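Structural features, examined
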2 protein chains.
Amino acid sequence: MILYGRNPVLEAIRGRRAVLRAWVARERDIAALPADLDATIVSAEEIERLCSSPDHQGLACEAGDYPYSEANELLAADDALLVAIDEVQDPRNLGAICRSAECAGASGVVMPERRSAQITPTVCRASAGAVEHLAIARVRNLADYLGHAKQAGAWIYGADAKAAVPYTQPDYRGRVVLVLGSEGKGLRKRVADSCDQLVSVPIKGRIDSLNVSAVAAVLLYEAVRQRTN
Amino acid sequence: MILYGRNPVLEAIRGRRAVLRAWVARERDIAALPADLDATIVSAEEIERLCSSPDHQGLACEAGDYPYSEANELLAADDALLVAIDEVQDPRNLGAICRSAECAGASGVVMPERRSAQITPTVCRASAGAVEHLAIARVRNLADYLGHAKQAGAWIYGADAKAAVPYTQPDYRGRVVLVLGSEGKGLRKRVADSCDQLVSVPIKGRIDSLNVSAVAAVLLYEAVRQRTN
């Protein structure tokens, strides 16, 4: 696939997948690329044509398929911290969640094969290239996966704006899965039923919900805070 | 200005500014609008032409200018919680920060008159309409404003990815201003020098920074957490 944008291209090069060739709009940007990478100077218009987005910052590359991980392997560590994403369809939100998960040192992200955004170049761009260093796995059925994670010793916390339990109450040490629902609709019933506890980030204003990527950042860093103390 | 998108239009109607007329693409959406609002059913293409964005969800309205607040008034409460934004230029990030600030019950957002994104319809959309209920003030010089806030008894915490002090260390009760810098460049020197303390959200992955709106959400909810306990 054609990745675009400065961080997505540079992190793909630093990351796990093959980068086959690159295109740059400014000659000086070649200096940021490995000397052995086939890089061509082309017009910004040509890069926009290649990646179908104006948001390329003069840099694009052809990379191999996204290297998805095995979902079960993400639970291996006894302090595994996972984010499970149920039907998040906005690629910007998915990318933003992945960026926060990578920065928080999460073990990985799990999402359903269907009805969720996939790891497209838009998601790579929105994640600032974080997806290149993050384990992301797809599962056929997220509720079944959460059941499996529970049997593997994980505690499953679902974010639900209506939950009575504040997100600061649980103990997030040990194996933990944080579950986030779709924009607007929240968690599906079977997914919510697979959680040990539903927690809410308190809303103190007049609008009724945080963005799902803001919820992800708040929950992830609450886990990091508890694990640091 | 022409606002677009379901939440931006509905929150503008619930909010402080005059809403003069609305356009809807689907007849049933008229039911969501006040009976006395002049609403016209038009094609989706016509709404896109009016608001210059495909992201209108079939709803747009003409609203008065954005009602900016007076910066000094935002410091009145002895537990005022402000977000100061230095040169954040991406309207999506500015909107996301405003949404989290409104949800966290912040007293307001302060930003420079120049070199920052203004409260455009794109920002309103990215904030899901939160800007309609949030006090947002513009100041000529942000460093001067922070000096004034300090004299008014506020503690000023600047987010700096390189700071040695973790963001969880300060006491965020009382009058507090959280200062966020531009994407990429961070805080300008004079703004950083105006802070009482620079704090960082720990980065435990391989990419080097969180999105500025994720930092905002994490800092705001750490303040809420401390103020709740």
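The rules behind these values
Residues numbered from 1 in each chain as written. Chains lettered and ligands numbered in written order. Predicted model: local features only at pLDDT ≥ 70, side-chain atom pairs only at ≥ 80, totals over all residues. Heavy atoms only, no water. Helix = DSSP H or I, 4+ residues; strand = E, 2+ residues; numbered from the N terminus. Rg over C-alpha atoms; globule rule 2.2 N^0.38 Å. Buried < 20%, exposed > 50% of the residue type's maximum accessible area, 1.4 Å probe, protein only. Contact = heavy atoms within 4.5 Å. Areas by Shrake-Rupley, 256 points an atom, 1.4 Å probe, with all protein chains shown as cover. Least-squares fit on C-alpha atoms with pLDDT ≥ 70 in both. Axes fitted to C-alpha atoms, helices over the stretch in contact; angles between N-to-C directions. Parallel < 35°, antiparallel > 145°, perpendicular 65-115°, else oblique. Left-handed = near helix turned anticlockwise from the far one by under 90°. Nonpolar A, V, L, I, M, F, W, Y, C, P; charged D, E, K, R; others polar. Phe/Tyr/Trp six-rings, centres within 6.5 Å; stacked < 30°, edge-to-face > 60°. Lys NZ or Arg CZ within 6 Å of the ring centre and 35° of its normal. Salt bridge = Lys/Arg side-chain N within 4 Å of Asp/Glu carboxyl O. Pairing = 2+ DSSP bridges. Buried area = accessible area lost by both parts, 1.4 Å probe. Polar contact = N/O pair within 3.5 Å; in protein donor to acceptor, adjacent residues only side chain to side chain. Expected span 1.5 Å × (residues − 1). Core = buried A, V, L, I, M, F, W, Y, C linked by side-chain atoms within 4.5 Å. pLDDT = per-residue confidence, 0-100.

**As for the overall build of chain A**
Broken down by element type, chain A carries 7 helices and 11 strands. Expected size for 229 residues packed as a compact globule is a radius of gyration near 17 Å; at 19 Å, chain A falls within 12% of this value. The principal-axis extents of the C-alpha atoms in chain A amount to approximately 55 × 40 × 35 Å. Looking at the 229 residues of chain A, the share that counts as buried comes to 55%. Within chain A, contacts between residues separated by at least 24 positions form 77% of all contacts whose residues are at least 6 apart in sequence. On chain A, roughly 9,900 Å² of surface is accessible, and the fraction owed to carbon and sulfur atoms is 45%.

**Some words on the relation of the copies chain B and chain A**
Mapping chain B onto chain A calls for a rotation angle of 180° and an axial translation of 0.0 Å; the resulting RMSD is 0.0 Å. With respect to symmetry, the two chain copies, as superposed, fit the operation of a two-fold axis. Taking C-alpha positions as reference, the residue of chain B nearest the rotation axis is Val218(B), located at 2.6 Å. A share of 100% of the interface residues of chain B reappears at the interface of chain A, consistent with the copies meeting face to face through the same patch.

**Some thoughts on the packing of helix H7 (residues 212-228) of chain A against helix H7 (residues 212-228) of chain B**
At a minimum axis separation of 9 Å, H7(A) and H7(B) run at an interaxial angle of 60°. The angle between the axes of H7(A) and H7(B) places the two elements in the oblique class. In the packing of H7(A) onto H7(B), the handedness of the crossing is right-handed. On H7(B), the residues touching Ala214(A), Ala217(A), Val218(A), Tyr221(A), Glu222(A) and Arg225(A) of H7(A) are Ala214(B), Ala217(B), Val218(B), Tyr221(B), Glu222(B) and Arg225(B). Its residues assigned to classes, the contact of H7(A) with H7(B) shows 8 nonpolar, no polar and 4 charged.

**Describing the packing of aromatic side chains**
Applying the stated criterion across every chain, the model contains 4 aromatic pairs over all chains. On the basis of an interplanar angle of 70° and a centroid distance of 5.2 Å, the ring pair of Tyr157(A) and Tyr172(A) is categorised as edge-to-face. You can see Tyr157(A) sitting in strand S8 (residues 155-159) and its partner Tyr172(A) sitting in the loop between strand S9 (165-166) and strand S10 (176-180), a full 15 residues away along the chain. Note on accessibility: Tyr157(A) and Tyr172(A) belong to one class, buried. Where Tyr66(B) meets Tyr68(B), the ring centres are 5.0 Å apart and the plane angle is 75°; that geometry is what we call edge-to-face. With a relative accessible area of 5%, Tyr66(B) lands in the buried category. In this arrangement the basic side chain of Arg138(A) is found over the ring face of Tyr68(A), its NZ or CZ atom lying 3.7 Å from the centre.

**With respect to the pattern of salt bridges**
Residue and element names in this part refer to chain A. Applying the stated criterion to the full structure yields 26 salt bridges over all chains. Between Glu-46 and Arg-49 there is a salt bridge; the shortest N-O distance is 3.0 Å. Pair noted here: Glu-46 and Arg-49 are both in helix H2 (residues 44-51), with a separation of 3 residues, about one helical turn. The class for Glu-46 is partly exposed, based on a relative accessible area of 28%.

**Considerations on the sheet that holds strand S3 (residues 39-41) of chain A**
Residues and elements named next belong to chain A. With mixed pairing, 4 strands are arranged side by side in an open sheet as S1-S4-S2-S3. At either margin of the open sheet sits one strand with a lone partner, and together these are strand S1 (2-4) and S3. Strand-to-strand twist in this sheet, taken as the mean axis angle between neighbours without regard to direction, amounts to 20°. Helix H1 (residues 6-14) contacts S1, strand S2 (19-24) and strand S4 (59-63) of the sheet and is inclined by roughly 125° relative to S1.

**Here's the deal with the interface of chain B and chain A**
How big an interface is tends to be stated in terms of the accessible area lost upon association of its parts. In this assembly, 33 residues from chain B lie in contact with 33 residues from chain A. Taken together, the two surfaces of chain B and chain A that pack against each other cover about 2,700 Å², and 58% of this comes from carbon and sulfur. Taken together, the connections running from chain B to chain A amount to 14 residue pairs in polar contact (both at pLDDT 80 or more). Elements with a minimum of two residues in the side of chain B that touches chain A: helix H1 (6-14), helix H3 (91-103) and H7 of chain B. Ranked by residues supplied to the side of chain B that touches chain A, first place goes to H7(B) with 7 residues. For the side of chain B that touches chain A, the residue count by class is 15 nonpolar, 9 polar and 9 charged.

**Concerning the packing of H3(B) against H7(B)**
All names here are of chain B. Where H3 meets H7, the closest approach of the two axes is 9 Å, and the angle between their N-to-C directions is 10°. As the angle between them shows, H3 and H7 are arranged roughly parallel. With respect to the hand of their crossing, H3 and H7 are arranged in right-handed fashion. Seen from H3, the contacting residues are Asn-93, Ala-96, Ile-97, Ser-100, Ala-101 and Cys-103; seen from H7, they are Val-212, Ser-213, Ala-216, Ala-217, Leu-220 and Tyr-221.

**Concerning H7(B)**
Residues and elements named next belong to chain B. Compared with an ideal rise of 1.5 Å per residue, which puts 17 residues at 24 Å, H7 spans 24 Å between its outermost C-alpha atoms and is within 8% of the ideal. The buried fraction of H7 is high, at 15 of 17 residues. The backbone nitrogen of Ser-213 lies 2.6 Å from a side-chain oxygen of the residue at the head of H7, namely Asn-211.

**Looking at the nonpolar core**
Leu219(A) and Leu219(B) are the most contacted members of the largest nonpolar core, which totals 113 residues. If we skip the residues at most four places from it in the chain, Leu219(A) touches Ala159(A), Tyr167(A), Tyr172(A), Leu178(A), Leu180(A), Val199(A) and Val201(A).

**Description of the confidence of the model for chain A**
When pLDDT is averaged along chain A, the result is 95; 100% of the residues meet or exceed 70. Here the predicted complex carries an ipTM of 0.95, next to a pTM of 0.96.

**Remarks on the pairing of strand S11 (residues 197-200) of chain B**
The pairing of strand S8 (residues 155-159) of chain B with S11(B) spans 3 bridges and is parallel. Of the residues in S11(B), the one forming a bridge with Gly158(B) is Leu198(B).

**Describing the environment of Ile41(A)**
Residues and elements named next belong to chain A. Tracing the chain through its elements places Ile-41 in strand S3. Take Ile-41: its relative accessible area is 43%, and that puts it in the partly exposed class. Taking the C-alpha atoms as reference, Ile-41 lies 30 Å from Ala-96; in sequence the two are 55 residues apart. Discounting chain neighbours no more than four positions away, the residues touching Ile-41 are Val-24, Ala-25, Glu-27 and Ile-30.

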